[in-house]
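Residues per chain are reported as follows:
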Amino acid sequence: MFARGIKIKNIDFNTSKAMRFGVEVDPQTGEKYIVPPFNIIDSLGEAAAKSIIVARDKKNFTSVNDLKARTQVTNTQMKIFEDLNIVDSLSNDEQISFDF
């Protein structure tokens, strides 16, 4: 895929879908990226993947603790997220945050 110019992004809590791959276009370069769904992660089933989407649609995740509290994600799955660097964009605990 790399030789054909196809690029793959990491799973993203803001753009990944529950069970389908998506395509994202970089607005500056026009390059297209494949965005994998949550359910490609071993041990993350359909129910947990959909719970992430439902919670995200209500409000974006502000921290790892927020993700744990509002979804069906287990501690084992959170460890996998950490190993795959998926939670790097989230802080570990709730800090004061303002939505401007």
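First things first, this report covers the structure right here in the doc. What you see is a predicted model; the values in this text were computed from it and never measured.

### Observations regarding the pattern of salt bridges
Oppositely charged side chains can pair when the atoms bearing their charge come close.
Reasoning step 1: Following the criterion strictly, the structure yields 5 salt bridges and no others.
Reasoning step 2: Put simply, K9 and E24 hold a salt bridge, and the shortest N to O gap is 2.6 Å. In this pair, K9 is assigned in the loop between β1 (7-8) and β2 (22-25) and E24 in strand β2, connecting sequence segments 15 residues apart.
Reasoning step 3: With relative accessibility at 33%, the residue K9 sits in the partly exposed group.
Reasoning step 4: Overall, E24 belongs to the partly exposed group, its relative accessible area being 22%.
Reasoning step 5: A salt bridge links K79 to D83, with the shortest nitrogen-to-oxygen separation between them at 3.0 Å. In this pair, K79 and D83 both sit in helix α3 (residues 75-83), 4 residues apart, roughly one turn of the helix.

Rules of the game
Residues numbered from 1 in each chain as written. Predicted model: local features only at pLDDT ≥ 70, side-chain atom pairs only at ≥ 80, totals over all residues. Heavy atoms only, no water. Salt bridge = Lys/Arg side-chain N within 4 Å of Asp/Glu carboxyl O. Helix = DSSP H or I, 4+ residues; strand = E, 2+ residues; numbered from the N terminus. Buried < 20%, exposed > 50% of the residue type's maximum accessible area, 1.4 Å probe, protein only.

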